[in-house]
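# Residue-level structural notes
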Amino acid sequence: MFGNLKAMGALAGLMQDKQKLTDAAEHLKGEAERLRAIGESGGGVVTATADGKMRILEVKVSPAAASALGDDASRAQVEQLIADATNAAIENAQRQMRVVVEREARELGLEDVLGQIPNIPGLPGGGA
């Protein structure tokens, strides 16, 4: 209960300091743009790189896998590996951004409030 009151007080203080909130938002935006998370599947046959905005920046297929794309079954298998690597990259990016958001919340004195906000888009347990 006292933690909630403390968090609400910190939030009220921040509402009066719009510049601090703006700075925090810009900092998070920059962190999301710089963050790189790599996912892989097939033991490294396919890798995908995502940023903190949950965008896929790069997909790499190993030379051995690329040469196996001759038939439909092989192509389907590699496509599934790409999907798996992409999803792994996004999950890794979400975990890393959760750490960034939690750190920013602590610096703003809002760590208790963060746990009460279940829908942070792009983060595990968050909204769309």
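Cut-off values and rules
- Residues numbered from 1 in each chain as written.
- Predicted model: local features only at pLDDT ≥ 70, side-chain atom pairs only at ≥ 80, totals over all residues.
- Heavy atoms only, no water.
- Helix = DSSP H or I, 4+ residues; strand = E, 2+ residues; numbered from the N terminus.
- Expected span 1.5 Å × (residues − 1).
- pLDDT = per-residue confidence, 0-100.
- Contact = heavy atoms within 4.5 Å.
- Buried < 20%, exposed > 50% of the residue type's maximum accessible area, 1.4 Å probe, protein only.
- Core = buried A, V, L, I, M, F, W, Y, C linked by side-chain atoms within 4.5 Å.
- Salt bridge = Lys/Arg side-chain N within 4 Å of Asp/Glu carboxyl O.

### Observations concerning helix α4 (residues 72-107)
An ideal rise of 1.5 Å per residue puts 52 Å on 36 residues; α4 measures up with 52 Å between its terminal C-alpha atoms. One or two residues past the end of α4 sits glycine 109, with phi positive at roughly 75°.

### Quick notes on the confidence of the model for the protein
Confidence in the prediction for the protein averages 77 pLDDT; 73% of positions are at 70 or higher. With pLDDT under 50 throughout, residues 124-128 is counted as low confidence; its partners more than four residues away or in other chains account for 13 contacts.

### With respect to the environment of alanine 32
With respect to the secondary-structure elements, alanine 32 resides in helix α2 (residues 18-34). The exposure class assigned to alanine 32 is buried, which follows from its relative accessible area of 7%. C-alpha of alanine 32 to C-alpha of glutamine 96: the two residues are 64 residues apart in sequence and 9.2 Å apart in space.

### Considering the nonpolar core
Within the largest apolar cluster, 13 residues are counted, with the highest numbers of intra-cluster contacts made by Leu35, Ala93 and Met97. Of all the secondary-structure elements, those providing two or more residues to this core are β2 (46-51) and α4. A per-element tally of this core places α4 first, with seven residues. If sequence neighbours within four positions are ignored, alanine 93 has contacts with Leu35, Ala37, Ala50, Asp51 and Met54.

### Brief notes about the pattern of salt bridges
Across all of its chains, the model carries four salt bridges by this definition. Measuring nitrogen to oxygen at the nearest pair gives 3.1 Å for the salt bridge that ties glutamate 33 to lysine 53. One end of the pair, glutamate 33, is in helix α2; the other, lysine 53, is in the loop between β2 and β3 (56-61), and 20 residues separate them in sequence. Owing to a relative accessible area of 35%, glutamate 33 belongs among the partly exposed residues under this scheme. With relative accessibility at 37%, the residue lysine 53 sits in the partly exposed group. Here aspartate 51 makes a salt bridge to arginine 55, at a shortest N to O gap of 2.5 Å. Overall, the relative accessible area of 0% leaves aspartate 51 in the buried class. Overlapping salt bridges bring together Glu31, Arg34 and Arg103 as one network.

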